[in-house]
Structure formats: structure tokens, C-alpha cells
Amino acid sequence: MDHPTQPLETLHDIRRMMERSSRFISLSGWSGIAAGICALVAAAAARQRIAYYYQAQYGKIYGALTDLKFDLILIALLTFTAAFVLACFFTFLRSKKDGVAIWGQTARRLMWNTLLPLAVGGLLIWRLIEISGYELVAPACLLFYGLALVNGSKYTIGEVRWLGYGEIILGAINLWYPGQSIIFWALGFGVLHILYGFIMWWRNERKTVN
Amino acid sequence: MATNNPISGLNKIFDNRVRLGVMSILMVNEEINFNDLKQMLEVTDGNLATHLQTLEESGFIKVHKGFIGRKTNTTYSITKAGEKAFKDHIDGLEKMIKGVK
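If you're wondering where the values come from, they're calculated on a predicted model, not measured in any experiment. Numbering of residues begins from 1 in every chain and follows the order in which that chain's sequence is written. For naming, the first written chain is A and the first written ligand is 1, with later ones following in the order written. Only residues with pLDDT of at least 70 are given local features in this predicted model, and only at 80 or more are side-chain atom pairs given and counted; all residues enter the totals for whole chains, interfaces and linings. Values shown for side chains rest on all heavy atoms present in the structure; no hydrogens or waters enter the calculation.

K.L.:
What exactly am I supposed to notice about the overall build of chain B here?
P.N.:
Strands here mean DSSP runs of E at least two residues long; helices mean DSSP runs of H or I at least four residues long; both are numbered from the N terminus. Assigned secondary structure in chain B consists of four helices and three strands. The helix and strand sequence of chain B, counted from the amino end, reads α-β-α-α-β-β-α. The C-alpha extent of chain B, read off along each of the three principal axes, is 55 × 25 × 20 Å. Exposure is judged per residue with a 1.4 Å probe applied to protein chains only, and the accessible area is read against the type maximum: over 50% gives exposed, under 20% gives buried, and values in between give partly exposed. Out of the 101 residues belonging to chain B, those deemed buried represent 41%. Note on contacts: a residue pair is in contact if any heavy atoms of the two residues lie within 4.5 Å. Considering only residue pairs separated by 6 or more positions, chain B has 55% of its internal contacts joining residues 24 or more positions apart. When the accessible area of chain B is evaluated, it comes to approximately 6,000 Å², of which 51% is carbon and sulfur surface. When charges are counted, Lys and Arg are positive and Asp and Glu negative, with His and the chain ends excluded. Working definition for charges: the position is that of NZ of Lys, CZ of Arg, CG of Asp or CD of Glu. Across chain B, the mean location of the 14 positive side-chain charges is 1 Å away from that of the 12 negative side-chain charges. Residue-level accessible areas treat just the shown protein chains as cover; the underlying method is Shrake-Rupley with a 1.4 Å probe.

K.L.:
Help me understand empty space enclosed by the protein in this model?
P.N.:
One simple way to see leftover space: roll a probe sized like a water molecule over the atoms. Computed over the protein atoms alone on a 1 Å grid, cavities are sets of points where a 1.4 Å probe fits but cannot get out and pockets are open sets with protein on both sides within 12 Å along at least five of seven lines; a residue lines them when it has an atom within 4 Å of a point. Grid points are joined across faces, edges and corners, and a volume is the space filled by probe spheres set on the points. Considering all chains together, one arrives at one cavity of 30 Å³ or more under this definition. Its boundaries defined by the atoms lining it, the largest cavity holds a volume of some 50 Å³. Around the largest cavity, the lining residues are Asp13(A), Ile14(A), Met17(A), Arg17(B), Leu20(B), Gly21(B) and Ser24(B). Those elements that place two or more of their residues in the lining of the largest cavity are helix H1 (7-22) of chain A together with helix H1 (17-28) of chain B. Each residue receives one of three labels: charged for Asp, Glu, Lys and Arg, nonpolar for Ala, Val, Leu, Ile, Met, Phe, Trp, Tyr, Cys and Pro, and polar for the others, Gly being one of them. Looking at side-chain class alone, the lining of the largest cavity contains three nonpolar, two polar and two charged residues.

K.L.:
Explanation requested: the sheet that holds strand S2 (residues 61-68) of chain B in the structure shown.
P.N.:
In sheet architecture, strand pairing relies on hydrogen bonds along the backbone and comes in two forms, parallel and antiparallel. Residue and element names in this part refer to chain B. The pairing criterion is simple: DSSP has to find at least two bridges between the two strands. Taken together, three strands build an open sheet; the order of strands is S1-S3-S2 and the sheet is antiparallel. If you trace the sheet from one side to the other, it starts and ends with strand S1 (32-33) and S2, each paired once. In this sheet, strand S3 (residues 71-78) lies alongside S2 in antiparallel orientation, the contact comprising eight bridges. Bridging from a neighbouring strand, Ile61 pairs with Ile78 of S3. Geometry is summarised by axes, namely lines fitted to C-alpha atoms with helices restricted to the contacting stretch, and by angles between N-to-C directions that run from 0 to 180 degrees. Contacting S1, S2 and S3, H1 crosses the sheet at an angle of about 85° to S3.

K.L.:
Which parts of the structure should I look at to understand the side chain of Ser153(A)?
P.N.:
Residues and elements named next belong to chain A. Its place among the elements puts Ser153 in the loop between helix H5 (137-152) and helix H6 (160-174). Here Ser153 falls in the buried class, since its relative accessible area comes to 5%. Not counting the four nearest positions on each side in its chain, Ser153 is found in contact with Arg23, Gly158, Val160 and Arg161.

K.L.:
In this structure, what is going on with the interface of chain A and chain B? I would like to understand it.
P.N.:
By convention, interface size is frequently given as the accessible area that disappears when the constituent parts associate. In this complex, chain A contributes 18 residues to the contact, which on the side of chain B involves 24 residues. Joining two parts hides part of their accessible area as seen by a 1.4 Å probe, and the buried area is that hidden amount summed over both. Of the roughly 1,900 Å² buried where chain A meets chain B, counting both sides, 66% is carbon and sulfur surface. Only one rule defines a salt bridge in this text: a Lys or Arg side-chain nitrogen within 4 Å of an Asp or Glu carboxyl oxygen. For the interface between chain A and chain B, the tally reads two salt bridges. Between Asp36(B) and Arg108(A) there is a salt bridge whose closest N-O contact spans 3.5 Å. Mapped onto the side of chain A that touches chain B, the elements with two or more residues apiece are H1 and helix H4 (105-130) of chain A. Considering every element that reaches the side of chain A that touches chain B, the biggest residue donor is H1(A), with eleven residues. Tallied by class, residues from the side of chain A that touches chain B come to eight nonpolar, six polar and four charged.

K.L.:
Just checking my understanding: could you explain the environment of Leu10(B) for this structure?
P.N.:
Residue and element names in this part refer to chain B. Structurally, Leu10 can be placed in the segment before H1. For the pair formed by Leu10 and Lys87, sequence separation is 77 residues and the distance between their alpha carbons is 9.5 Å. In contact with Leu10, not counting residues within four places along its chain, are His89, Gly92, Leu93 and Met96.

K.L.:
Any chance you could explain the nonpolar core here in plain terms?
P.N.:
Nonpolar side chains in soluble globular proteins generally cluster together in the buried interior. The criterion is simple. A nonpolar core is a set of buried Ala, Val, Leu, Ile, Met, Phe, Trp, Tyr and Cys residues joined through side-chain atoms within 4.5 Å. Core analysis: the biggest nonpolar cluster contains 29 residues, and Leu41(B) and Leu48(B) have the highest contact counts within it. Among the elements of the structure, H1 of chain A together with H1, helix H2 (34-41), helix H3 (45-57), S3 and helix H4 (80-100) of chain B are those that each provide at least two residues to this core. No other element matches H1(B), which puts six residues into this core. Not counting chain neighbours up to four residues away, the residues in contact with Leu41(B) comprise Met17(A), Arg17(B), Val18(B), Gly21(B), Val22(B), Ile25(B) and Leu48(B). Formed by 14 residues, the second largest nonpolar core is a distinct cluster that contains Ala138(A), Leu142(A), Phe189(A) and Met200(A).

Dropping the structure here:
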């Protein structure tokens, strides 16, 4: 009376179904690497722009603070957009290769759970800029981004939370060293992303390439 | 105790791959709609509907009929009985594996 149920296989099937239906697993390591490179380029550009501002201050006064502010915010927005688009692009490629639908319940849940903390952080940063609390802008970026990642990690590859913890730690230290913000920013958004992306690619995607 | 019988707890209803899939998905998702289920299980409308009906008749899942705009949106969730039956089924499978070793 052997039933055709292969118990081990069935359990694997159940596990796979549970994972697949509750987590968005197509997030590609390349997304992290691309986002990190964007951030490093942006940090370099921002540094240049700041240096230019201080240089200009010595001579004639043609570098107004409002211009600097505007340029830095522009750089930040461009970086965010570029990183987001690239991240989506690589994730799209991976989901195609794995044959998983990219836009489903899992993707919606992941989006909501990461975008909510990000939006709240964005609101706070907006207000910080309004009241000239610039020292706290970079730490707030890192802290809220870290929280967003830790929160989102429940709905995607679990290891994302380690990246989140890393961002939170950097952000917390940055609170007391606001003068070094650009270095913390480059470390958190640049180096950590690249490191994370590389490790994820190495562990999850390398095999499927061959 | 019936623990010596490896088949105890195994439920015939879960013998089918589609029904097993539906239950697995509903265990980790509060509720899910028909189209998402169809996509995840890669089955046809008719096939999925039949299996969902079987599960509903057994009292393992609940059906909620709703609307998004004008389109019908039918969502499914697991019942207490369904949860228990599914857990027993998994326990049964585990016992079978241990029994083989």
C-alpha cells in the first residue's frame, strides 16, 4: 500500500511553495553592486562640489550656500533614481532567468515594507534641511535606510538584514561625527552595498551562471 | 498510541500536488487571491477551481468574494481546521522519513 507520496520530496515541495509565496527572492546581487557604484560616484561628485564651494568662498562670493544645497540634493536624487532603476533592472533579469513573476504579492509587500520607513525618513530629512540641521541629514539617511532594510528582509532574501544592521551602525556612529558625513555616506551606501552584492552574487547566483 | 503507524496524520486530501501547494501557500500568507495562486502553482483556471472547491468542502479553507472596482476578486484563507490538518500531515510525512531510516 505504498502511496506515491515521496515524503521527503513532498516536504521539499511544501517548503519551496512557502518560500516562494512569501518572499521576493529574485533580488540580484548585481543590484547591490550597481547601487554601490552609483553611491561612490555620487559621493565623489558631492565632495568636489563642496570643495568648490569652499574655494569660491575665499575669492569672490559666487558660490552661494543655497546653490550648494540645491546641487547636493540634486546629486542625491539622481543617485537614488539611478540606483533604484539599476537595482530593478538586474532583479528583472534574474527573475526572468529563474522564471518567476516579478510583480506579485511578494513584490508588493516588499515594496510597502521598505518604502514606508524610507518615506518617513525622507519626511524627517526634509524638515532637517528646512531648519538647517544639516549635520543630521547623512546619519538620518543611513539610519532610516538601515531600518527599511531590516524591515524588508522579512519579505525577501533574509541576509538583507545584515546590510541593514551595517547601515544602522554606521548611521549611529555618524551621529557623533557629522563632519565626516561624506565618508560615512560613501561607506554605507557605496562600500557596504558592493560588499553585500558581491557576497550575495557569490553565494546565490554564481552557480547558475555556469 | 498510534504513533507506530507512520501513516497516521497523513491526509488523503493533500495527496494532490495542487492542493498541497494551496495549503502550503495559505499557511504563510494570511489571504491570497485566485490569480496569484494560479500564477504560483502554474495551473489552469479550471484545475485550480476544482481543487479549491474540494478544500473548501472539507472545511480547510475559507473563500471571500469581493470586488476591486468592477472585477471580482476572490481571496482565500486557511481555517483553523485546515491548519491543524496540514500540520498533522507534515508530522506524518516526517514520521515516515524517520521510519524509513
